[in-house]
Amino acid sequence: MRLRNILALVLLTVVALAGTVSAKQVELEFFLLKPEVETVMNEIIADFMAENPDIKITQTAVADAGTVLLTRIATYDMPDILQTYPAEDRYKHMFDDGLLLDLTDQPFLENVADTMLELATYNGRIFALPMTLSSYGIYYRTDIFAELGIAEPKTYAELLEACKILKDNGYDAFALPNRDVGNIAQRLERLIGVLNPNSHEEFKKIASGEMKVEDSVTIRTFAQMCLDILPYSTADHLGLDYESAVADIVNGKAAMMISGTWMLSTMKNADPDIQVKLIPFPSPLSDVLMVPVNIDTSFSISGDLRDPEPALRFLEYLSRAEVAQKYYEVDGNVNMIKGVVFDKDEHMYMKELMDQGNMFLTQVNFWPTGLREEMRIPAQQLFIDGDIDAFVQAFGEAIDKLYNQ
């Protein structure tokens, strides 16, 4: 009898231990690169965990996330799941080095539009679940333009005329956050693409000595554009950061801001009734309106995970139309998951141009890693001293350094 009790106790203990093991959660870290979607990603993660109680996902959202991520990679502290930009060289190199999991044969990729998969394909392989395309241009306050009778600018001359009218009527034409060198660098890369969507081919010629940087119409015209709009824009532009610039648009101090589709959610959070529209930045070199686009939201998995199945389950969840729709409602970018309904009036014109093929992949995807960052300070200096020749020379030195390293 005593032996039977002992055996029963042992059996109960084994069962209890088995239950404890089976109930143990897999813990994963998700690293966020886009702070404006932190709240909705927390909601999505919570919904996923409710459906998958055996998985716990903790979101990491930090300032200057791109730099923090590179530091963590360098110290062998790779997040389990992370946002990536698969068209950029930096992330392609990460895949080449085995830091990101190959997702090519995952069934959930069938939920993504074919055109998006093509943009995300690298050497015949796919290492990210691509979700959204961002576009870049000018947000303008439609109510302020209507108040002053200003037509939506379709050419560069019309844009400068609008700037003059706005300034004459007490508005800053552009909110220019020139304190933020990262924002300056992004403007440089996107707007140079508007002038020349094949700038990387020109830069290769400069690097090889086939062309002199002084003869680059692309670089010189970009510099002139910066100086053209400066007199009509924020007086204290060197003291203005990105958040303050957005506030200037929201409160009606400024009528325009150069930015991308991700900015809409920030403005709407501040004023749900704000009247804005995103339009292309018109080129002084062409009457054709072109839209810079980039893969803005993608999700990848660390190549170091011993068991990637739980992380793959999360990506499959993200690829569902109803989940992507929830993300889109906050993010506002064109969402390329099949079944997502696009209804952002503020971005509809840009989508129409994109559907017509009037778009190009942003230059950061073709420039050597670091070129955009190398030009941050010279571009800021251009706004300080207005010295176009010095800016052109600095660009030539950066091209030589990074193309020939």
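So, here's what we can say about the structure. (Residues numbered from 1 in each chain as written. Predicted model: local features only at pLDDT ≥ 70, side-chain atom pairs only at ≥ 80, totals over all residues. Heavy atoms only, no water.)

The next point concerns unusual backbone geometry. For Asp64, which is not glycine, the phi dihedral falls at a positive 50°. Along the polypeptide, Asp64 turns up in the loop between β2 (55–61) and α3 (65–74). Classification of Asp64 as exposed rests on a relative accessible area of 54%. Residues other than glycine seldom take positive phi values, yet Asn123 does so here, at roughly 50°. For Asn123, a relative accessible area of 64% corresponds to the exposed category. (Helix = DSSP H or I, 4+ residues; strand = E, 2+ residues; numbered from the N terminus. Buried < 20%, exposed > 50% of the residue type's maximum accessible area, 1.4 Å probe, protein only.)

Right, let's get into the packing of helix α10 (residues 217–229) against helix α18 (residues 388–403). At a minimum axis distance of 10 Å, the contact between α10 and α18 shows a crossing angle of 135°. As far as their axial angle goes, α18 and α10 are oblique. As α10 runs across α18, the sense of the crossing is right-handed. In this structure, α10 uses Ile219, Arg220, Phe222, Ala223, Gln224 and Leu227 to contact α18, whose residues at the interface are Ile388, Asp389, Phe391, Val392, Phe395 and Ile399. (Axes fitted to C-alpha atoms, helices over the stretch in contact; angles between N-to-C directions. Parallel < 35°, antiparallel > 145°, perpendicular 65-115°, else oblique. Left-handed = near helix turned anticlockwise from the far one by under 90°. Contact = heavy atoms within 4.5 Å.)

Okay, the environment of Ile249 next. With respect to the helices and strands, the residue Ile249 is situated in helix α11 (residues 242–250). Setting aside its immediate chain neighbours within four residues, Ile249 contacts Arg141, Ala175, Ala254, Ala255, Met256, Met257, Met263, Met267 and Ile274.

Our next topic: the pattern of salt bridges. Evaluated as defined, the whole model comprises 26 salt bridges. We note a salt bridge from Arg320 to Glu51, for which the minimum N-O separation is 3.0 Å. Of this pair, Arg320 sits in the loop between α13 (309–318) and α14 (321–331) while Glu51 sits in helix α2 (residues 38–51), and the two are 269 residues apart along the sequence. Look at Glu51 and you get partly exposed, because its relative accessible area is 44%. Between Asp54 and Arg313 there is a salt bridge whose closest N-O contact spans 3.1 Å. Taken as a pair, Asp54 in the loop between α2 and β2 and Arg313 in helix α13 lie far apart in primary sequence, 259 residues in all. (Salt bridge = Lys/Arg side-chain N within 4 Å of Asp/Glu carboxyl O.)

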